[in-house]
Amino acid sequence: MSAPSYSTREMIDRLVSFDTTSRNSNLALIDFAANYLESHGVTSVQVTSDDGNKANLFATLKSDGTHDPKQGGVVLSGHTDVVPVDGQPWTTDPFTVTEKDNRLYGRGVCDMKSFLAVALAAVPRFVTGDLQRPVHLALSYDEEVGCLGAPRLVQWMADEGIRPALVVVGEPSTMRVVTTHKGIRTFRVEITGREAHSSASGDGVNAITIAARLIDFLNNVAREMCEKDAQDDRFTPPHSTINIGSIEGGTAVNIIARRCTFSWEYRPLPVMADPTPEVRLEHFVRDVILPEMRSIAPEADVRIIPDAQVHAFLGKNGSPAETLALMLANQNETIGVSYTTEAGLFQNAAMESVVCGPGDIAQAHKPDEFIELSQIDLCEQFMERVLAYATGP
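Residues numbered from 1 in each chain as written. Predicted model: local features only at pLDDT ≥ 70, side-chain atom pairs only at ≥ 80, totals over all residues. Heavy atoms only, no water.

K.L.:
Looking at this structure, how should I read the overall build of the protein?
P.N.:
Scanning the protein from N- to C-terminus turns up ten helices and 16 strands. Relative to the compact-globule value of 21 Å for 393 residues, the protein shows a C-alpha radius of gyration of 24 Å, a close match. On the principal axes, the C-alpha backbone points of the protein span a range of 80 × 45 × 40 Å. Expressed as a percentage of its 393 residues, the buried residues of the protein come to 52%. Counted over contacts in the protein with a minimum sequence separation of 6, partners at least 24 positions apart contribute 80%. Working note: accessible area of the protein is about 17,100 Å², and carbon and sulfur atoms make up 49% of it. Charged side chains of the protein number 33 positive and 52 negative; the gap between the two group centres comes to 3 Å. (Helix = DSSP H or I, 4+ residues; strand = E, 2+ residues; numbered from the N terminus. Rg over C-alpha atoms; globule rule 2.2 N^0.38 Å. Buried < 20%, exposed > 50% of the residue type's maximum accessible area, 1.4 Å probe, protein only. Contact = heavy atoms within 4.5 Å. Areas by Shrake-Rupley, 256 points an atom, 1.4 Å probe, with all protein chains shown as cover. Lys, Arg positive; Asp, Glu negative; His and termini not counted. Charge placed at Lys NZ, Arg CZ, Asp CG, Glu CD.)

Here you go:
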């Protein structure tokens, strides 16, 4: 029985058909990829989550046997999870690829299953080529909820002695080479006040009011970062940012709210301000807010709970890895972006990295997410140059 082969479009169809929303398991997609690779004689390793419900996948398309498959070469890396479609006004089935007006529509076609599809569809050409340098595939889980899976994968690679010349994280960059991006830190703030009748405001501590004061404090910090902190024109906007993402609290209009919770994020430049916003918020709570609250209600409290942290990414200008990436992408210059990826995790593990993938990040996470067919063409050309590099002298 011959090994199955897929065109890029067919592979995109297959990958998008798996509902790998981060709240779900990604094992069906991982098993499909593992079986496909095995049919082409490629052994893969799965690095799983604690509960075994999700997995990273790593595979090496080996060199000709005279070269160490752990040294040099290129890692093609991407996450398998996607963001939810709940409540979004899609006009097509998000898990069935629809083609129209030279675009493909579907959840994940841009972020970032098309890159993975191009890489997987190229496997038959890689395994039948005379590889002088290894090409690795690295698929991760739970990138969209804080890059939770990649750290295990990166640690496994480091422990195994994998030392590539370049890691390409195929997030949508319109096939331009990204060598720096902002980081992200997310927090949940839980406020406990004291309930009382709304007519007796002096007897209670309103958690919603406290939340409003903390949010106002963070908004002031955000304005300072915009006006006074370091600026970097490689990013849009060119400064670190803060966003309040959600808030919930209170019971009824005539009850002083005992509880309120809000979530916020901080997206720092690679060179962060000091002290950081969370430290400033902690000091404000300790020095101002808690003394006021506890003068009325000794049991009152404010908890600032970190949810996720992904370090900013800063590659090495002029490095051999950057030169290789520009050659593979057929580009002359690098750029910075404001979104966050797994590239910094590889970089911090001494694996030189770039971000380069098909699609425009502006289309990600939206209803009717799409990718231009021309971007897929550029990615296929990129993959052909990877093959030429891997088989070249």
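K.L.:
Quick question: what am I supposed to make of the nonpolar core here?
P.N.:
Where a protein is soluble and globular, its nonpolar side chains tend to be buried together. Judged by nonpolar contacts, the single largest core of 58 residues is most densely connected at L37, L76, F126, V168, F382 and M383. Take this core: its biggest share by element is nine residues, from helix α3 (residues 109-121). Leaving out residues up to four positions away in the same chain, M383 has contacts with L76, F115, V118, A119, A122 and F126. Judged by nonpolar contacts, the second largest core, of 28 residues, contains V189, L218, Y266 and V285. (Core = buried A, V, L, I, M, F, W, Y, C linked by side-chain atoms within 4.5 Å.)

K.L.:
How should the pattern of salt bridges be read in this particular structure?
P.N.:
Oppositely charged side chains can form a pair if their charged atoms are brought close together. What the rule picks out here adds up to 21 salt bridges. Measuring nitrogen to oxygen at the nearest pair gives 3.3 Å for the salt bridge that ties K316 to E352. In this pair, K316 sits in the loop between β13 (313-314) and α8 (320-329) while E352 sits in the loop between α9 (343-348) and β15 (353-355), placing the two residues 36 residues apart along the sequence. In this structure, a network of salt bridges that share partners links the residues R188, E190, R303 and D307. (Salt bridge = Lys/Arg side-chain N within 4 Å of Asp/Glu carboxyl O.)

K.L.:
What is the right way to look at the environment of L57 in this model?
P.N.:
Its location among the elements puts L57 in strand β2 (residues 55-61). Accessibility expressed as a relative area gives 0% for L57, which makes it buried. In this structure the C-alpha to C-alpha distance between L57 and S198, which are 141 residues apart in sequence, comes to 56 Å. When sequence neighbours within four positions are dropped, the list of residues in contact with L57 reads I30, A33, A34, L37, S44, V45, L137, A138, L139 and L153.

K.L.:
When you look at the packing of aromatic side chains in this model, what are you seeing that I'm missing?
P.N.:
Summed over all chains, the structure comprises eight aromatic pairs. Relative to Y36, the ring of Y6 has its centre 5.7 Å away and its plane inclined at 70°; by these criteria the two rings are edge-to-face. Here Y36 lies in helix α2 (residues 27-39) and Y6 lies in the segment before α1 (8-17), a separation of 30 residues in the sequence. Accessibility expressed as a relative area gives 23% for Y6, which makes it partly exposed. Among the residues examined, Y36 registers a relative accessible area of 2% and is labelled buried. (Phe/Tyr/Trp six-rings, centres within 6.5 Å; stacked < 30°, edge-to-face > 60°.)

K.L.:
Teacher, can you tell me more about the sheet that holds strand β9 (residues 184-192) here?
P.N.:
By definition, the strands of a sheet pair up through backbone hydrogen bonds, in either a parallel or an antiparallel sense. If you walk across this open sheet you meet the four strands as β10-β11-β9-β12, and the pairing is antiparallel. Only two strands of the sheet have a single neighbouring strand rather than two, namely β10 (241-249) and β12 (301-310). Sheet twist, expressed as the average angle between the axes of neighbouring strands with direction ignored, equals 15°. Pairing of β10 with strand β11 (residues 259-267), which is carried by eight bridges, proceeds in the antiparallel orientation. Following the sheet pairing, N243 is matched in β11 by E265. Those strands touched by helix α6 (residues 207-227) are β9, β10, β11 and β12, and its axis lies near 170° from that of β10. The sheet contacts of helix α7 (residues 277-294) involve β9, β10, β11 and β12, and relative to β12 the element is tilted by about 165°. (Pairing = 2+ DSSP bridges. Axes fitted to C-alpha atoms, helices over the stretch in contact; angles between N-to-C directions.)

K.L.:
Quick question: what am I supposed to make of unusual backbone geometry here?
P.N.:
M112 follows D111 through a cis peptide bond whose omega is -5°. Along the chain, M112 turns up in helix α3. Note the cis peptide between T236 and P237, where omega equals -5°. Non-glycine residue N102 carries a positive phi angle of around 60°. Here N102 shows up in the loop between β4 (98-100) and β5 (103-105). A positive phi angle, near 55°, is found at T174, a position not held by glycine.

K.L.:
What am I meant to see in the environment of V47 here?
P.N.:
Position of V47 relative to the elements: it lies in strand β1 (residues 44-48). According to the relative accessible area criterion, V47 is buried, its value standing at 13%. When the C-alpha positions of V47 and S140 are compared, they lie 9.0 Å apart, and in sequence the two are 93 residues distant. For V47, the contacting residues outside a window of four places in its chain are A55, N56, Y141, R152, L153 and W156.

K.L.:
Can you help me understand the pairing of β2 in this one?
P.N.:
Regular strands have side chains that alternate between both faces of the sheet. Extensive coverage of β2 is indicated by the burial of seven of its seven residues. Residues A55, L57, A59 and L61 line one face of β2 and the alternating positions N56, F58 and T60 line the opposite face, and both faces are buried. Where β1 meets β2, five bridges bridge the pair, whose relative direction is antiparallel. Residue pairing for β2: S44 is matched across the bridge by A59.

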